[in-house]
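Per-entry structural report
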Amino acid sequence: MENKKNASEDHQWLYSPSLESTSHIEIKDKYELFINNEWIAPTSNKYFDTINPADEKVLSKIAWANAQDVDKAVKAARKAYDEVWSKISAGDRSKYIFRLARMMQEKARELAVIETLDAGKPIRESRDIDVPLACNHFFYYAGWADKLDYAFPNQKTESLGVVGQIIPWNFPLMMAAWKIAPALAAGNTVVLKPAETTSLTALKLAEIIKEAGIPPGVINIITGHGDTGEALVKHPDINKIAFTGSTQVGKAIQKALVGTGKRSTLELGGKSANIIFDDAPIDQAVEGIVNGIFFNQGHVCCAGSRLYVQENIAEKLVEKLKHRMKSLILGNPLDKNTDIGAINSREQLQTIEKYIQIGIQEGSEIFQCEGALPANGFYCKPTIFTNVSQSSVLSQEEIFGPVLTIQTFRTIDEVIQKANNSPYGLAAGVWTDKGSKIFNLTSKLKAGVVWANTYNKFDPASPFGGYKESGFGREGGMHGLGAYLKIIK
Amino acid sequence: MSNLEVLKTYKLYIGGAFPRTESGRFYAPVSKQGEVLGNICLSSRKDLRNAVVAARKAQGPWEERSALNRSQILYRIAELFSDRKEIFLKEFQKQGSSLEEAVLEFSTTLDRIVYYAGWCDKYNQVLSSVNPVNSSHFNFSTCEPMGIVALIAPQNTALIGLVSLILPALAGGNTLVALASENLPISAISFAEVLNDSDVPAGVVNILTGKQDEIAPIMASHMDINALISSDLGAIENAIAEACIDNLKRKFTYTEDFNQPESQGLTFIADLQEIKTTWHPIENIGGSTSTY
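Because the structure is predicted, anything quoted here is derived from the model rather than measured. (Residues numbered from 1 in each chain as written. Chains lettered and ligands numbered in written order. Predicted model: local features only at pLDDT ≥ 70, side-chain atom pairs only at ≥ 80, totals over all residues. Heavy atoms only, no water.)

**Things to note about the pattern of salt bridges**
To be explicit about the condition: When a carboxyl oxygen of Asp or Glu lies within 4 Å of a side-chain nitrogen of Lys or Arg, that pair is called a salt bridge. Here a helix means four or more residues in a row that DSSP labels H or I, a strand means two or more in a row labelled E, and each is numbered from the N terminus. Throughout, exposure labels follow a simple rule: accessible area from a 1.4 Å probe, protein chains only, divided by the maximum for the residue type, with under 20% read as buried, over 50% as exposed, and the rest as partly exposed.
One pass over the structure, following the stated rule, counts 38 salt bridges over all chains. The residue A:K204 makes a salt bridge to A:E207 at a minimum N-O spacing of 3.1 Å. Of this pair, A:K204 and A:E207 both sit in helix α7 (residues 200-211), three residues apart, which is roughly one turn of the helix. Since its relative accessible area comes to 4%, A:K204 is described here as buried. The residue A:K234 makes a salt bridge to A:E230 at a minimum N-O spacing of 2.9 Å. With A:K234 and A:E230 both in helix α8 (residues 226-234), this residue pair falls four residues apart, about one helical turn. What emerges from the salt-bridge pattern is a single network uniting A:K446, B:E63, B:E144 and B:K276.

Here you go:
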């Protein structure tokens, strides 16, 4: 890897590469399905490649589960539920989950490197955010297993049974943790299906599950494409489906569940507003904007992708933002200097590029960082659009990439209306130095998570989830337990 | 002096007014005893749309009222409802209840209103949390109403089913567009008159009468309704559930017998709440700690 430099004239700093070593990790040539704590070859006999999006090299071959395989996994989960997990004491459930959390921490470095290789996200993010949050999520929910009565006082709760869980590719291990940990704590067993481009850390987690001695069948991990997920959704012996992904797929799943009596929680798309007032600490706000939209290449459901800037500071703020963008380092995700890693897949890169073209055609003004992109792999320059109208495709649809639209506003009322004018309602950001203004905004913005003077913060104790078409149910915190329990009225 | 009775015309309740259906249509439900209950408005799609517009307009101001104020308004409903006992007993009997059944439905309904009136300023304390996050942030989660709730009243009761679902939605700061029981609609409209006299702002509750099979699908596919609640809809249940998915309406089906005193509780309120989590950094500069 050659030295990276920033293209702008005022930032001629050279960085020596600082690559995270991959010598400490082990990726098998081929992965089977993880059912009953055993590695089972798929009856389909089919495998697909998982590649490193940073250089397009094949990392491993992954089993492609069909409906028959899904059935095996569900049967294993049902047996484990009936015979083990619903029978052992809540205290023992708790101890098993704690054990899992600790063993993940022991292997944190390996998990982080594999996450970066498979997903394309900067190693700094995998190492400092994804993996610690995943471990902490298990650690947090472990303690809930024997305290469920305190979460719903004066009400009785029951576990649901077997839960099918389908997760996206943007935070592969963290999403697995968000799904598995509360489900287990609440007394359910699970069948988890990772996204097809990012199966590896879930499969490493499977190794840890086995090593930790979690009873066979309690957690089953089946890999595959959309048809695998569909088979899971349609399996008659599933009690609940938990899905994180696009609104389009979420609605299709919800339709498939009609009349089956299966429960569901959906964590879907977003087009979150990030609002900057003229009294905001402007340099911090610029950092917040960058973190809001360029974190994880913008592959974040709650990304602050609609920026609203109060008109009287717009010019200055956009100038500062452009200046800051010029110092973002795009390149090898394994390099500890890297701010912007690889786009997760070729398909996603094409989607993002399509939206950028739409933005140009709609007459919005584009600004991108200069400099060449790496020759191989999928990369997209951090991109902002100014002069964007509220009705434009760019400011209405979720792009799921490092693309920001910027609009201005004059009054609080105006920005509340603009921010809420979206079918989504996942998150929002507010930047101002005035406390009363913060509370005015945070109480009127229709979104499940509101960050005031910060953005894109996550925590196991903090409930996360959307209003409106961003889905329903919460993940994280005490409220996250409700998604995996039947509450007896 | 003439003793000739003056008959009441039962109309819709939309935006704090009592219009007839814009469609000009009516139907004539018949009681168990075979008595025609009246020429009841057969609501149309347009009536529903008008009701949703009224509810959306009322939503912001209603949810932003203080919880104490909402509580007092709900209690006021109970006061006026109690005051009109004779009217409701007469109507329940007209719709087929025995006197004993009518008295029981009335008193259960009254108790239910008082029960939920008392929840308005409490559920948020019970359901909210301050979350101890692993970073220097103050983080808390509170409830917010979902917004406009479409309600298809249980068919088997004149009022207790309707009220058992209106009140928890209202207590939680939602607005409602409700469809009365198709065959037992008249006390629903008399209840609208109670609401109208009880400081419930115009548009917060809207009540339509008509055919469940006609109105329910329109409710389910309306893009500005946030949630849909009902008892089991039988043959149309799945079609309604599917139509709700277009804008991801939250849908809840309640199979409780609302005549039972225990068919009430916090979950009816909680089902119609969104959890909002707010983060704010805590400044942590210097070495000073809270130790003294």
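Moving on, there is more to tell.
**Quick word on the packing of helix α2 (residues 67-83) of chain B against helix α7 (residues 186-196) of chain B**
All names here are of chain B. Applicable threshold: Axis definition: a line fit to C-alpha positions, over the contact stretch in the case of helices; interaxial angles, taken between N-to-C directions, run 0 to 180 degrees. Roughly parallel covers angles under 35 degrees, roughly antiparallel covers those over 145, roughly perpendicular covers 65 to 115, and oblique covers all other angles. Take the far helix as the reference: if the near one is turned anticlockwise from it by less than a right angle, the crossing is left-handed, and if turned clockwise, right-handed. Throughout, a residue-residue contact means that at least one pair of heavy atoms, one from each residue, lies within 4.5 Å. Only Asp, Glu, Lys and Arg are considered charged in this grouping, and only Ala, Val, Leu, Ile, Met, Phe, Trp, Tyr, Cys and Pro are considered nonpolar; every other residue, Gly among them, is considered polar.
Contact geometry for α2 and α7: axes closest at 9 Å, N-to-C directions at 125°. Our classification of the angle between α2 and α7 gives oblique. The way α2 lies across α7 gives a crossing that is right-handed. On α7, the residues touching I77, L80 and F81 of α2 are F191, V194 and L195. The residue inventory of the contact of α2 with α7, partitioned by class, reads six nonpolar, no polar and no charged.

**Quick look at the sheet that holds strand β3 (residues 30-31) of chain A**
All names here are of chain A. Our working definition: At least two DSSP bridges between two strands are required for those strands to pair.
The strand order β3-β7-β6 describes an open sheet built from three strands, whose pairing is mixed. Every interior strand has two partners, whereas the edge strands, β3 and β6 (47-51), have only one. Relative to strand β7 (residues 58-63), β6 is paired through five bridges, and the arrangement is antiparallel. Bridge pairing links D49 to K61 in β7.

**A few points about the sheet that holds strand β7 (residues 205-208) of chain B**
All names here are of chain B. Strand order in the open sheet formed by five strands is β7-β6-β5-β8-β9, and the pairing between neighbours is parallel. Looking at which strands have only one partner, the edges of the open sheet turn out to be β7 and β9 (250-253). Each neighbouring strand pair of the sheet contributes to a mean axis angle of 15°, computed without reference to strand direction. In this sheet, β9 lies alongside strand β8 (residues 227-230) in parallel orientation, the contact comprising four bridges. Its bridge partner lying in β9, I229 is registered against F252. Running at roughly 155° to strand β6 (residues 175-179), helix α1 (residues 45-64) makes contact with β5 (148-152), β6 and β7 of the sheet.

**Details of the side chain of A:N453**
Heads up, the rule is: Here a polar contact is recorded for every N or O atom pair within 3.5 Å, except that within protein the pair must consist of a potential hydrogen donor and a potential acceptor, and residues adjacent in sequence are included only if both atoms are side-chain atoms.
Considering the arrangement of structural elements, one finds A:N453 in the loop between β21 (449-452) and β22 (467-468). Among the residues examined, A:N453 registers a relative accessible area of 11% and is labelled buried. Of note is the side chain of A:N453, whose polar atom sits 2.9 Å from the backbone oxygen of A:T432. Setting aside residues up to four positions removed in sequence, A:N453 forms contacts with A:P281, A:V430, A:W431, A:T432, A:I438, B:H280 and B:P281.

**Concerning helix α9 (residues 247-257) of chain A**
Residue and element names in this part refer to chain A. What counts is decided by this rule: Arc, as used here, means the arc of the directions from the helix axis to the C-beta atoms.
Those residues of α9 lying buried are T247, G250, K251, I253, Q254 and L257. Looking straight down α9, one finds its buried side chains confined to an arc of 160°; they lie on one side. Among the structural elements, β9 (162-166), α8, β12 (240-244), β13 (263-267), β19 (424-425) and β23 (471-472) are those in contact with the buried residues of α9. Within two residues after α9, G259 carries a phi angle of roughly 85°, on the positive side.

**Observations concerning the packing of aromatic side chains**
Applicable threshold: Here the aromatic set is Phe, Tyr and Trp, taking the six-membered ring for Trp, and pairing holds for ring centres within 6.5 Å; pairs whose planes are under 30 degrees apart are stacked, those over 60 apart are edge-to-face, and all others are tilted. We call a charge positioned above a ring when the Lys NZ or Arg CZ atom is no farther than 6 Å from the ring centre and deviates by at most 35 degrees from the ring normal.
Per the stated rule, a full pass over the model turns up 26 aromatic pairs over all chains. Judged by centre distance (5.5 Å) and plane angle (40°), the rings of B:F138 and B:F140 are tilted. Lying across the ring of A:W39, A:K28 places its NZ or CZ 4.5 Å from the centre. Geometry around A:Y484 places A:K240 over its ring, the cationic atom sitting 4.7 Å from the centre.

**Let's talk about the packing of α2(B) against helix α6 (residues 160-171) of chain B**
A pair of packed helices can be characterised by two numbers: the angle between their axes and the separation between those axes. All names here are of chain B. Contact geometry for α2 and α6: axes closest at 10 Å, N-to-C directions at 160°. Classified by the angle between their axes, α2 and α6 sit roughly antiparallel to one another. Both α2 and α6 take part in a crossing whose hand is right-handed. On α6, the residues touching R70, L74 and I77 of α2 are L167, L170 and A171. By residue class, the composition of the contact of α2 with α6 is five nonpolar, no polar and one charged.

**Observations regarding helix α15 (residues 435-444) of chain A**
Regarding α15(A), the residues found buried are A:K437, A:I438, A:L441 and A:T442. All buried residues of α15(A) fall inside an arc of 125° around its axis, so they share one side. In this fold, the buried residues of α15(A) make contact with β14 (273-276), α14 (412-420), β20 (427-431) and β21 of chain A together with β4 (137-145) and β10 (273-281) of chain B.

**Focus: the interface of chain B and chain A**
The following threshold applies: The term buried area means the drop in 1.4 Å probe accessible area that two parts suffer when joined, counted for both and summed.
Contact residues are listed per partner, giving 37 residues for chain B and 41 residues for chain A. Of the roughly 3100 Å² buried between chain B and chain A on both sides combined, carbon and sulfur atoms contribute 57%. At the junction of chain B and chain A, the tally comes to three salt bridges. Among the salt bridges present, the one from A:K446 reaches B:E63, with a minimum N-O distance of 2.9 Å. The tally of links between chain B and chain A comes to 20 residue pairs in polar contact (both at pLDDT 80 or more). For the side of chain B that touches chain A, the elements supplying multiple residues, two or more each, are α1, β4, α9 (237-243), α10 (266-270) and β10 of chain B. Among the elements that make up the side of chain B that touches chain A, the one with the highest residue count is β10(B) (eight residues). Class assignment of the residues belonging to the side of chain B that touches chain A gives a composition of 14 nonpolar, 13 polar and ten charged.

**With respect to the pairing of β5(B)**
Residues and elements named next belong to chain B. The buried fraction of β5 amounts to five of the five residues, a majority that puts the element mostly inside the structure. Here β5 shows no split at all, with I148, A150 and I152 on one side and V149 and L151 on the other all buried. Looking at chain direction, β5 and β6 are connected through five bridges and run parallel. Each residue of the ladder has a partner; that of I152, found in β6, is L179.

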